[in-house]
Amino acid sequence: MRFTSQQAELPGSERVFPAGPGAEVVNDNCLACHSAGMVLTQPKLSKAQWTETVNKMVHTYKAPVDPADVQAIVDYLSAMNPQP
Ligand code: HEC
């Protein structure tokens, strides 16, 4: 699924995840219920914390994420949001 935006975007209001390794899988799995902006404005999280968050999406909110995609999603999110 692809979106293109014609509008200038404010920080925190991104509708899709910025390009990068794994961006496609995150865009495919993480936009059904909320915007990319709401994910990207989280405080910086470690890989372990992102794994927990993704697992929470899957188990608590029933996000239909393929278990084979979880690692790529976690890698992308921790690279986007590296720990200091
Ligand atoms: C099935 C729906 C659904 C999908 C798909 C989904 N989420 Fe969520 N997500 C939620 C809900 C519901 C909340 C809580 C929203 C709120 O508190 O307002 C949430 C909240 C969040 C938060 C805020 C922090 C938190 O822990 O509550 C983050 C970060 C997040 N999601 C990341 C992701 C990522 C990464 C993916 C892709 C793997 C994803 N979500 C896919 C439903 C989903």
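Fair warning: this is a prediction, and the values are worked out from it, not measured in the lab. (Residues numbered from 1 in each chain as written. Predicted model: local features only at pLDDT ≥ 70, side-chain atom pairs only at ≥ 80, totals over all residues. Heavy atoms only, no water.)

This part covers the confidence of the model for the protein chain. Of all residues in the protein chain, 80% have pLDDT values of 70 or greater, and the mean over the chain is 87. Mean pLDDT values for the elements of the protein chain range from 90 in helix H2 (residues 36-40) up to 97 in helix H3 (residues 47-59). (pLDDT = per-residue confidence, 0-100. Helix = DSSP H or I, 4+ residues; strand = E, 2+ residues; numbered from the N terminus.)

Most often, soluble globular proteins have nonpolar side chains that are buried together. Counting residues in each nonpolar core, the largest one holds 18 residues, and the members touching the most others are Phe17, Val26, Trp50, Val54, Ile73, Tyr76 and Leu77. Secondary-structure elements contributing two or more residues to this core are helix H1 (23-29), H2, H3 and helix H4 (70-80). Ranked by residues supplied to this core, first place goes to H4 with five residues. Those residues in contact with Leu77 that lie beyond four places of it in its chain are Phe17, Val26, Val39, Trp50 and Val54. (Core = buried A, V, L, I, M, F, W, Y, C linked by side-chain atoms within 4.5 Å. Buried < 20%, exposed > 50% of the residue type's maximum accessible area, 1.4 Å probe, protein only. Contact = heavy atoms within 4.5 Å.)

Before going further, it helps to spend a moment on the site of the ligand. Around the ligand sit 16 residues in total, of which Cys30, Cys33, His34, Lys56 and Met57 are the nearest. In the environment of the ligand, a nitrogen atom lies 2.8 Å from a nitrogen or oxygen atom belonging to the side chain of His34. Here an oxygen atom of the ligand and a side-chain polar atom of Lys56 are 2.6 Å apart. Elements with a minimum of two residues in the shell around the ligand: H2 and H3. A per-element tally of the shell around the ligand places H3 first, with five residues. (Near = heavy atom within 4 Å. Polar contact = N/O pair within 3.5 Å; in protein donor to acceptor, adjacent residues only side chain to side chain.)

Next up on the list: the pattern of salt bridges. Side chains that differ in charge, positive against negative, can pair when their charged atoms come close. Within this structure, the stated rule accounts for one salt bridge. With a shortest N-O distance of 2.9 Å, Asp75 and Lys47 are connected by a salt bridge. Of this pair, Asp75 sits in helix H4 while Lys47 sits in helix H3, placing them 28 residues apart in sequence. (Salt bridge = Lys/Arg side-chain N within 4 Å of Asp/Glu carboxyl O.)

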